[in-house]
Amino acid sequence: MKPNYLKNVATLTLDTEKCVGCGKCGEVCPHGVFDFVNDKALITQRDLCMECGACALNCPVNALEVNAGVGCASAIIKGWFTGGAPTCDCSGSECC
Amino acid sequence: MSKDCCCSGELDCSAERGEFRETNIPVVSTTLSARDIFGVLKVRFGIGRMDYKIEPGLYAVGNPDDNSPVLVSANYKLTFDALRKELSSLDCWLLILDTKGVNVWCAAGKGTFGTEELINRIEKTGLSEIVTNRKLILPQLGASGVNFNEVARRSGFSVMFGTVRASDIKQFIADGFKATPEMRTVKFTTRDRFVLTPVELVSAAKNSLFVLGVLFLVNLFAARQFGVYDFIAYAGVVLTGTVLTPLLLPVIPGKAFSWKGWLLGLLWSIFALWRFGWFAQGFGILAAGYLLLLPSVSAYLAMNFTGSSTYTSPSGVLKEMRIALPLIIGSAGVGAILVLIQTLIIGGAI
Ligand code: SF4
Ligand code: SF4
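Residues numbered from 1 in each chain as written. Chains lettered and ligands numbered in written order. Predicted model: local features only at pLDDT ≥ 70, side-chain atom pairs only at ≥ 80, totals over all residues. Heavy atoms only, no water.

1. Focus on unusual backbone geometry
Backbone geometry at N8(A) places phi at a positive 55 degrees, although glycine is not the residue there. Relative to the helices and strands, N8(A) is located in the segment before β1 (13–14). Of note in the backbone geometry, F177(B) takes a positive phi value of approximately 60 degrees without being a glycine. Mapped onto the fold, F177(B) is located in the loop between α9 (169–174) and α10 (190–221). (Helix = DSSP H or I, 4+ residues; strand = E, 2+ residues; numbered from the N terminus.)

Listed below in structure tokens is the structure:
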């Protein structure tokens, strides 16, 4: 199945100036968000980004920024009630 | 090796009974026993699923030597089983991190499958003395918790992010540690979704016991008793929200999970009300109430499935919730009041 979720919400940004074209973001991204043009990364599938944060964490020059977190409704609801950041406490489960 | 974790799943008992290599590293089997498979079912249905973990540390698969590849994974037993059964005829090492019994993806989000734990585990197991190569293969979905630069700097090991699915690992190794874009992409197939549904259903059913309790109390005062038809109508939306919607996810029109759940819930509700004759005269308020209440239950349950998906972004889920939650609560609230009005005051046979 081709994932197809809400459009224009992902918080992913790329600073092309900083990018050194190492390709790491393309390696870690599980949704094929990046392409490489002229030895630089390019965000071509922003709407597929699930904000996992893998690319930003592994970019050696901090060219990527994303508001990473868990895309899980019950975790977000829990976060509202406890006032903390959403975390999934689904210990041992496959969820989140 | 502590008993409580491994022996529950049988797998390391062989190691415990003395099948140790001279280095004291337990050798794991690449076939699952009947008990492992039973364990999977139990976890999938949410029966005693907590603490289904194995001891973190280093394991051997086949007959690895100091140059064999090192695969890193989580100490959630289902993850471990899914991985080892793909490793038949391979000689490799498994470095199992302590993720508190949580799968890789979830643990990476929490940081337990993370840079610190990886570096710690490398030290604790003395990995650098056991292998001479300095390469670690991590599951792709662990990348959101592990910074490869820092691991390299502090431990001397270079991290390669492998494939999303354990079933591609062999190919990845055979191809000289190269993953195709295909191997790197999350798919979330019908089967992936299907195995996740029982646990959603069981947890919804548990919460439903409370609802049934309330209905039982209401029945004591009711002019029209809640009966088996009400139960069927309700059970139907629970199934719709927890099983049917996730299964049909890609073919239901629209994008938001709650919308998809609502749509299917509405279809079911119309069908049920029609079958039970609640569109007849005298049941108008009940029918209106159920049409408001039932689909919103299904919408809510479907929305919770965002937690099981591996493609919904937090920003997206938040946006969906901001719109859907007030509608769900409002509609369910008004619906419940209407149903109660018919039940307590107006009454009606059936
Ligand atoms: S990881 Fe960073 S530097 Fe490397 S290609 Fe991606 S954006 Fe550019
Ligand atoms: S946050 Fe995750 S999904 Fe989004 S682009 Fe980065 S690696 Fe890909």
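2. With respect to the site of ligand 1
Neighbouring ligand 1 are 14 residues; C19(A), C22(A), G23(A), C25(A) and C59(A) lie closest to it. Of the residues contributing to the shell around ligand 1, the split by class is 11 nonpolar, two polar and one charged. (Near = heavy atom within 4 Å. Nonpolar A, V, L, I, M, F, W, Y, C, P; charged D, E, K, R; others polar.)

3. A closer look at the site of ligand 2
What surrounds ligand 2 is the set L12(A), C29(A), P30(A), V33(A), F34(A), C49(A), M50(A), E51(A), C52(A), G53(A), A54(A) and C55(A). For the shell around ligand 2, the residue count by class is 10 nonpolar, one polar and one charged.

4. Examining the nonpolar core
The biggest cluster of nonpolar side chains holds 55 residues, and the ones touching the most others in it are F34(A), F113(B), L118(B) and L136(B). Take this core: its biggest share by element is five residues, from helix α5 (residues 104–110) of chain B. With residues near it in sequence (within four places) discarded, L118(B) still touches V72(B), L95(B), L97(B), L136(B), L138(B), V146(B), V151(B) and V159(B). (Core = buried A, V, L, I, M, F, W, Y, C linked by side-chain atoms within 4.5 Å. Buried < 20%, exposed > 50% of the residue type's maximum accessible area, 1.4 Å probe, protein only. Contact = heavy atoms within 4.5 Å.)

5. Describing the confidence of the model for chain A
For any part of a model where pLDDT is low, the fine detail of the predicted coordinates should not be relied upon. Chain-level statistics for chain A give a pLDDT mean of 82 and a share of 82% at 70 or above. Low pLDDT (under 50) marks residues 90–96 of chain A, which in the prediction has 29 contacts with non-local residues, meaning those over four places away or in another chain. (pLDDT = per-residue confidence, 0-100.)

6. Side note on the confidence of the model for chain B
All names here are of chain B. Here chain B shows a mean pLDDT of 84. Residues at 70 or above account for 90%. Per-element confidence in chain B is highest for helix α12 (residues 257–275), whose mean pLDDT is 95, and lowest for helix α1 (residues 3–6), whose mean pLDDT is 32. Interface predicted TM-score (ipTM) for the complex: 0.80; the corresponding pTM is 0.79.

7. Observations regarding the side chain of E51(A)
Tracing the sequence through the fold places E51(A) in the loop between β3 (40–43) and α2 (54–58). Of the side chains with opposite charge, R46(A) comes closest to the buried, unpaired E51(A), at an N-O distance of 8.3 Å. Separated by 2.8 Å, the side chains of E51(A) and T11(A) make a polar contact. Engagement of the side chain of E51(A) in a polar contact is seen with the side chain of S315(B), the distance being 2.6 Å. Beyond its immediate chain neighbours, meaning those up to four positions away, E51(A) contacts V9(A), A10(A), T11(A), V66(A), N67(A), A68(A), G69(A), S313(B), P314(B) and S315(B). (Lys, Arg positive; Asp, Glu negative; His and termini not counted. Salt bridge = Lys/Arg side-chain N within 4 Å of Asp/Glu carboxyl O. Polar contact = N/O pair within 3.5 Å; in protein donor to acceptor, adjacent residues only side chain to side chain.)

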